[in-house]
Amino acid sequence: DSALAGLPLQDVLGADAVERMRTSLHRALAGASQQLRVEARDRVLDARLEPWFGLDGAIAGLHLLADDVTWRGQHERDMRSLLAAAPEPTLVLE
């Protein structure tokens with residue numbers, strides 16, 4: 001969402017989530033791309049942190065790219081409940 005661009009991470013994700021991401025944030029600001037799963041404000045995010053290079057080639061910040069995967073946890077719980085209630089063995093292929 002472009003409305004989030006430029007906002008401090010604490011405003012977007014909350015201070016607790018940013019604290020849990022601290023090591024990955026430092027690594028991204030040192031030039032290493034990072035992938036992690038973040039729990040932030042009742043959401044689960046698959047996140048990527050990418051260094052942002054300025055025109056002079058120096059690291060000027062970072063990009064946070066995230067997919068909301070909160071639904072996956074509920075889907076997995078629903079599937080386990082369905083399988084547990086099945087009267088016969090069940091094979092599930094995805």
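Scroll up a little and you will see the structure.
For the structure given in this document, a descriptive report is provided here. Computed from a predicted structure; not experimentally measured. (Residues numbered from 1 in each chain as written. Predicted model: local features only at pLDDT ≥ 70, side-chain atom pairs only at ≥ 80, totals over all residues. Heavy atoms only, no water.)

1. Observations concerning the pattern of salt bridges
Close approach of charged atoms lets side chains of opposite charge pair. Applicable threshold: Salt bridges are identified by distance alone: a Lys or Arg side-chain nitrogen within 4 Å of an Asp or Glu carboxyl oxygen. A 1.4 Å probe rolled over the protein chains alone gives each residue an accessible area, and that area as a share of the maximum for its type sets the label: buried under 20%, exposed over 50%, partly exposed in between.
By the definition in use, this model includes 4 salt bridges. One salt bridge connects Arg22 with Glu19, and the closest N-O pair in it is separated by 2.8 Å. For Glu19, a relative accessible area of 46% gives the class partly exposed. Put simply, Asp46 and Arg37 hold a salt bridge, and the shortest N to O gap is 2.7 Å.

2. Quick look at the layout of surface pockets
Our working rule: The way it works is a 1 Å grid over only the protein atoms, where trapped points that fit a 1.4 Å probe form a cavity and open points with protein on both sides within 12 Å along at least five of seven lines form a pocket, and then any residue with an atom within 4 Å of a point lines it. Grid points are joined across faces, edges and corners, and a volume is the space filled by probe spheres set on the points. Numbering goes from the N terminus for both helices and strands, where a helix is a DSSP run of H or I of at least four residues and a strand is a run of E of at least two. Three classes are used, and their members are as follows: Ala, Val, Leu, Ile, Met, Phe, Trp, Tyr, Cys and Pro are nonpolar, Asp, Glu, Lys and Arg are charged, and the others, Gly among them, are polar.
Counted as a void, the largest pocket has a volume near 640 Å³. Contributing to the lining of the largest pocket are 21 residues, with Leu7, Leu9, Leu62, His63 and Leu64 lying nearest its centre. When contributions to the lining of the largest pocket are tallied by element, the ones reaching two or more residues are α1 (9-13), α3 (22-29), β2 (43-53) and β3 (59-68). Taken together, the residues that form the lining of the largest pocket break down as 15 nonpolar, 4 polar and 2 charged.

3. Quick look at the pairing of β3
Selection criterion: DSSP bridges decide pairing: two strands pair if at least two such bridges lie between them.
Pairing analysis gives 9 bridges linking β2 to β3, with the strands arranged antiparallel. From the neighbouring strand, Pro51 faces β3, where its bridge partner is Leu62. Hairpin connection, β2 to β3: the antiparallel pair is bridged by 5 residues, and Gly57 has positive phi, about 90°.

4. Things to note about unusual backbone geometry
Backbone geometry follows two general trends: most residues other than glycine have a negative phi, and most peptide bonds adopt the trans configuration. One non-glycine residue, Arg41, lies in positive phi territory at about 50°. Tracing the backbone shows Arg41 in the loop between β1 (34-40) and β2.

5. Thoughts on the side chain of Ser24
The test is simple: By the convention used here, residues are in contact when the closest approach between their heavy atoms is within 4.5 Å.
As for its position among the elements, Ser24 is in helix α3. With relative accessibility at 14%, the residue Ser24 sits in the buried group. Look past the residues within four positions of Ser24 in its chain and what remains in contact with it is Gln34, Leu36 and Leu49.

6. Details of the sheet that holds β2
Selection criterion: Axis definition: a line fit to C-alpha positions, over the contact stretch in the case of helices; interaxial angles, taken between N-to-C directions, run 0 to 180 degrees.
Pairing in this open sheet of 3 strands is antiparallel, and the strands run β1-β2-β3 from one edge to the other. Each edge of the sheet is formed by a strand with only one pairing partner; in this case those strands are β1 and β3. In this sheet, adjacent strand axes meet at a mean angle of 35° when their direction is disregarded. Alignment of β1 against β2, held across 7 bridges, turns out to be antiparallel. By the bridge assignment for β2, Gln35 is matched with Arg48. Where helix α4 (residues 70-85) meets the sheet, it contacts β1, β2 and β3, and its direction lies at approximately 150° from that of β2.

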